[in-house]
Amino acid sequence: MIDDFPLFPESASTVSGSVDALYFFLIAVCGAVSLAVVVLIIFFAIKYRRTASNQIPEHYEEHKALEIGWIIAPLFPMMIMFLWGAKVYFTIARPPDNALEVYATGRQWMWKFQHVGGQSEINELHVPVNRAVKVIAASEDVIHDFYVPAFRVKTDVLPNRYSTTWFQATKIGRYHLFCAEYCGTQHSGMIGWVTVMEPAAYQQWLAGGVNEGSPAAIGKSLFEKYACNTCHNAQSGARGPALDGAFGKPVSLRGGAVVRRDENYLRESILNPQAKIVEGYEPIMPTFKGQVNEAELIQLISYIKSLGAPVGAGGPATPDKGSGVSAAPGASAQPGSAASPSLPAVQPGVAPGPDGRGAAAGAEPSASGSAVREAKQP
Amino acid sequence: MTTTVIDVPEIPVVEKPNYLNQEYGAVSWLLTQDHKRIGILYLLSVTGMFLLGGFFAVLMRLELVTPAGDLFSSDTYNKLFTLHGLVMIFFFLIPSIPAVLGNFILPIMLGARDLAFPKLNLLSWYLYMIGTAFSLLVVLLGGVDTGWTFYTPFSTSFSNTHVVLMIIGAFVAGFSSILTGFNFIVTIHRMRAPGLTWFRLPLFVWAMYATSIIMLLGTPVIAITLSLVAIERLLHVGIFDPAIGGDPLLFQHLFWFYSHPAVYIMILPAMGVTSEVIAAFTRRRIFGYKFVAFSSLAIAFLGFLVWAHHMFVAGISVYSAMIFSLLSFLVAIPSAVKVFNWTGTLYKGSISYQTPMLFALGFIGLFLIGGMTGLFLATMGLDIHVHDTYFIVAHFHYIMVGGSVMGYFAGIHYWWPKITGRMYAEWWARASAVLIFAGFNLTFFPQFILGYLGMPRRYHAYSPEFQILNVMSSAGASILALGYALPMFYFAWSLKFGKEAGNNPWGAAGLEWQTSSPPPTENFHTTPVVTWEAYEYRPEWSDGNV
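Before going into details, it helps to say that this report is about the structure given with it.

The rules behind each value
Residues numbered from 1 in each chain as written. Chains lettered and ligands numbered in written order. Predicted model: local features only at pLDDT ≥ 70, side-chain atom pairs only at ≥ 80, totals over all residues. Helix = DSSP H or I, 4+ residues; strand = E, 2+ residues; numbered from the N terminus. Rg over C-alpha atoms; globule rule 2.2 N^0.38 Å. Contact = placed C-beta atoms within 7 Å. Buried ≥ 20, exposed ≤ 12 C-beta atoms within 10 Å, placed from the backbone. Axes fitted to C-alpha atoms, helices over the stretch in contact; angles between N-to-C directions. Parallel < 35°, antiparallel > 145°, perpendicular 65-115°, else oblique. Left-handed = near helix turned anticlockwise from the far one by under 90°. Nonpolar A, V, L, I, M, F, W, Y, C, P; charged D, E, K, R; others polar. Pairing = 2+ DSSP bridges. Expected span 1.5 Å × (residues − 1). Core = buried A, V, L, I, M, F, W, Y, C linked by C-beta atoms within 7 Å.

1. Digging into the overall build of chain B
(1) Moving on: Counting its regular elements, chain B contains 15 helices and zero strands.
(2) Moving on: Taking 24 Å as the expected radius of gyration for a compact globule of 546 residues, we find that chain B reaches 23 Å, a close match to that expectation.
(3) Moving on: The dimensions of chain B, computed from C-alpha atoms along their principal axes, are 70 × 45 × 45 Å.
(4) Moving on: Counting contacts in chain B only where the partners sit at least 6 residues apart, residues at least 24 apart contribute 86% of the total.

And the structure:
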């Protein structure tokens, strides 16, 4: 039957301790105030119950100071909660610069993870212990939510942008991964595991799985396939801004605004190029919406990120050795999934983990996700 | 406060003419413009919807006894929680206290003959019934599976259930609530009895006033938002679905701009009832009357400024999240003020423990936990972990069920003698109050633990380690169901066998206790003139029932 009956979740990341501390602080403060109120109510309820001698309540003057007091007093503990909560929130919102990046794609009803080295897995995520991992997530259909309770991190995964969260696991083990935003029929089946490994075992796992080629390397060929390089090159007079070393840097737009060229900027500039025009360039780029799918977006962005990046940072675009670029899942097998009304059947591009669980999980997700949209009533 | 000039009608031995025996027949009810009869119509309809919503909840709790999704299909389960939410929120909680108790009691409390616009009042009931008919049609046709929140793009481009029909139902019912709010505001402004100044009003009236403002200002926004969902779904105009050029977060902003204030539509009236009941059963004026009155308005105002605390993990900017977090803490202050003042009212009171008081005290305890856990959710770093888990489910049920439904039951018991002229069975009613309180806590307290453990809400199947807490929750739900079933019987029993209630069985202040029970159609034979402050206890007003 049930051999465990936990009352408190495992704490397995660098932020989980601070979230728990905050939780205990709130329990202590709110518990103390609630207890005081309840004790007072019970005390009054007994002491002032209606008796033969207590038929008419005694009159007394109300003190305005008491009213003002209990309006002001709660503000102090509340401001501590607010500031402390904001501090923890900011920590979770800002990934460290040296974080290992993993791309996550949510889809009814499965998770796909794409590692920078070219490994990908479904409903399983392998990460090294004691290393910050930044998850860059987008959805192919409805809103999902990437949630790992043991790490106390959660982010909605939206269909029109990248959401990011990060964690640094502190304990080796396997932890639940849940979809926390209701997403349709198999919402409660959109679950998986995060496996935290020793660095050596992680390296072994990376080497052991099927490697589809690093996203940056595939992105390079896509960059040529879509002829991005005809405009985006380093020659003077090029029609598009050069992208070498562009990632992560601020850029001036027409109209004077300055934005940072992050993943969401690149995503928007590929799918909706007219939204932000770089100063000094014409709005001539056509949209690639409907042509470039989520997997290809990740590959193109990985390639652009690798351009001019310092060696060793966030996964360089070293060409992969095996498996062939054209066979990469998602690159050619999933045309136009973001905009087309008919999603392709799920193709399990699973890199089985050393334990073989990856493949088993990959077989599980239903392929009927596409059918829902097609079968939608008028 | 020198002398009481009040015209209490003579009490004849024969049955007095009242709103119930004035006319007979279905037509006299269906075309009535009497606020009291319309209140009864609402009472019957919202009770039906409460039973329907409760039925869905029972099925869900049955499914969740085991970790595997083995009783229903996932689609059926998803429809169950969607319909449970929609029926309970739009067709029970929002109309419950305002449309039933507010309709019946508010004009009498004001010393008025009726609401300002009796025909609009009847129209609002018909609109509610049309909305209800649509929602029942949806149930019969196979349901809807979007969650009561209708999140896009799932609701607009992916769900293949009866989303548009359900939206029409909620849309139409929304107009019922707008009309009720409008009617109440005008009535409170224009129809108070001579001498009944703003600061002599019962706090229930202040609460209804604040609620009406939210209904009037907030409901059009949800009507527009749901219309946009229907437009996108039917005409494929890109509003929310990014695949056709929309923005899904826009929906969430619009939806919560109404739906967070809607929480206050549900809880403020219950707070008003609690103030009435506590004043009556302690024989005291509510401590800090003006603070409690203004706290209702403060909640109504601040309630419009906190919507994005539902979106801390949705991808809003960290700075806007900070602002919404700060404002969410501030909205807790007026709620806390009410709890402190109710507690203060008990001090040196003359407290008796009839059923309404048990429900009111239960309300304070459960609302306290619901409100305090709200602070956990306003705390941004903590919300990331508990958002969309059972912690949220527990929190809002403590507010909605522990708060609003307890308040509604307190009010129904409190005014039952006035509405029907009969006393309910006190012993059974106390048993029901205790069962509901115990069953409620057993149902929902384990869900706080489940939520912090990380069990997401809206899960048809769940991981086995969550089972024991879920079984506790389901066991509690069965006690809760029994507690809710009992009143159906003893209230029905009381109609025939209940002891006749006098004008003022509780010895309460307030104009409604100075007319006969049940009141005559015109409420008062002569317009009362108010010369006393709110909640002024006078032994001579009591029938000596207490």
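2. What about the overall build of chain A?
(1) Moving on: Looking only at helices and strands, one finds nine helices and 12 strands in chain A.
(2) Moving on: Looking at chain A residue by residue over its 378 residues, the buried ones come to 43%.
(3) Moving on: In chain A, the proportion of contacts linking residues at least 24 apart, taken out of those at least 6 apart, comes to 70%.

3. Digging into the packing of helix 1 (residues 16-47) of chain A against helix 3 (residues 75-93) of chain A
All names here are of chain A.
(1) Moving on: Helix 3 packs onto helix 1 with a crossing angle of 165° between their chain directions and a minimal axis gap of 10 Å. Viewed along their axes, helix 1 and helix 3 adopt a mutual orientation that is roughly antiparallel. Between helix 1 and helix 3 the crossing geometry is left-handed. Within the contact between the two elements, helix 1 uses S18, V19, L22, L26 and V29 and helix 3 uses P77, M81, W84, G85 and V88.
(2) Moving on: A breakdown of the residues in the contact of helix 1 with helix 3 according to their chemical character gives eight nonpolar, two polar and no charged.

4. Notes on the pairing of strand 7 (residues 153-157) of chain A
Within a regular strand, the side chains alternate between the two sheet faces.
Residues and elements named next belong to chain A.
(1) Moving on: With five of five residues buried, strand 7 is to be regarded as a mostly interior element.
(2) Moving on: Alternating residues of strand 7 divide into V153, T155 and V157 and K154 and D156, and every residue in both groups is buried.
(3) Moving on: Of the pairings in the sheet, the one linking strand 6 (residues 144-148) to strand 7 comprises five bridges and is antiparallel in character. In the strand pairing of strand 7, D145 is matched with D156.

5. Some remarks on the interface of chain B and chain A
Note on interface size: it is often stated as the accessible area lost on association of the parts.
(1) Moving on: Every contact between the two is made by 77 residues of chain B and, on the other side, 78 residues of chain A.
(2) Moving on: Listed by contribution, the elements that provide at least two residues to the side of chain B that touches chain A are helix 3 (74-109), helix 5 (154-158), helix 8 (248-282), helix 10 (318-346), helix 11 (355-378), helix 12 (380-386), helix 14 (426-453) and helix 15 (467-497) of chain B.
(3) Moving on: No other element matches the 14 residues that helix 10 of chain B contributes to the side of chain B that touches chain A.

6. Quick notes on the sheet that holds strand 1 (residues 100-107) of chain A
Residue and element names in this part refer to chain A.
(1) Moving on: What the five strands build is an open sheet, ordered 3-2-1-5-8; its pairing is mixed. The open sheet has two free edges, formed respectively by strand 3 (120-122) and strand 8 (163-168), since each of these has just one partner strand. If you compare each strand with its neighbour and ignore which way they point, the axes differ by 25° on average.

7. Section: the sheet that holds strand 4 (residues 124-128) of chain A
Residue and element names in this part refer to chain A.
(1) Moving on: Taking strand neighbours across the sheet as the criterion, the five strands line up as 4-10-9-6-7 in an open arrangement whose pairing is mixed. Unpaired on one side and paired on the other, strand 4 and strand 7 mark the two borders of the sheet. Neighbouring strand axes in the sheet, compared pairwise and without regard to direction, differ in orientation by 20° on average.
(2) Moving on: Bridge count for strand 9 (residues 173-179) against strand 10 (residues 192-197) is five bridges, and the pairing is antiparallel. Note on strand 10: the bridge partner recorded for G173 is V196.
(3) Moving on: Relative to the sheet, helix 4 (residues 199-208) contacts strand 4 and strand 10, its axis offset from that of strand 4 by approximately 135°.

8. Quick notes on the pairing of strand 8 of chain A
Residue and element names in this part refer to chain A.
(1) Moving on: Most of strand 8 is tucked away, with six of its six residues classed as buried.
(2) Moving on: Where strand 5 (residues 132-139) and strand 8 come together, six bridges link them in antiparallel fashion. Its bridge partner lying in strand 8, V135 is registered against T165.

9. A short note on the environment of G48 of chain B
All names here are of chain B.
(1) Moving on: With respect to the secondary-structure elements, G48 resides in helix 2 (residues 35-63).
(2) Moving on: Accessibility expressed as a C-beta count within 10 Å gives 15 for G48, which makes it partly exposed.
(3) Moving on: It is 32 Å that separates the C-alpha atoms of G48 and E232, two residues lying 184 residues apart in sequence.

10. Concerning helix 10 of chain B
(1) Moving on: Here helix 10 of chain B spans 43 Å end to end across 29 residues, near enough to the 42 Å set by a 1.5 Å rise per residue.
(2) Moving on: Within two residues after helix 10 of chain B, K348 of chain B carries a phi angle of roughly 60°, on the positive side.

11. Things to note about the nonpolar core
(1) Moving on: Core analysis: the largest hydrophobic core is formed by 269 residues, its most contacted members being A104 of chain A together with I167 and V205 of chain B.
(2) Moving on: The greatest single-element share of this core, amounting to 22 residues, is contributed by helix 3 of chain B.
(3) Moving on: Beyond its immediate chain neighbours, meaning those up to four positions away, V205 of chain B contacts L106, M109, L110 and I188 of chain B.

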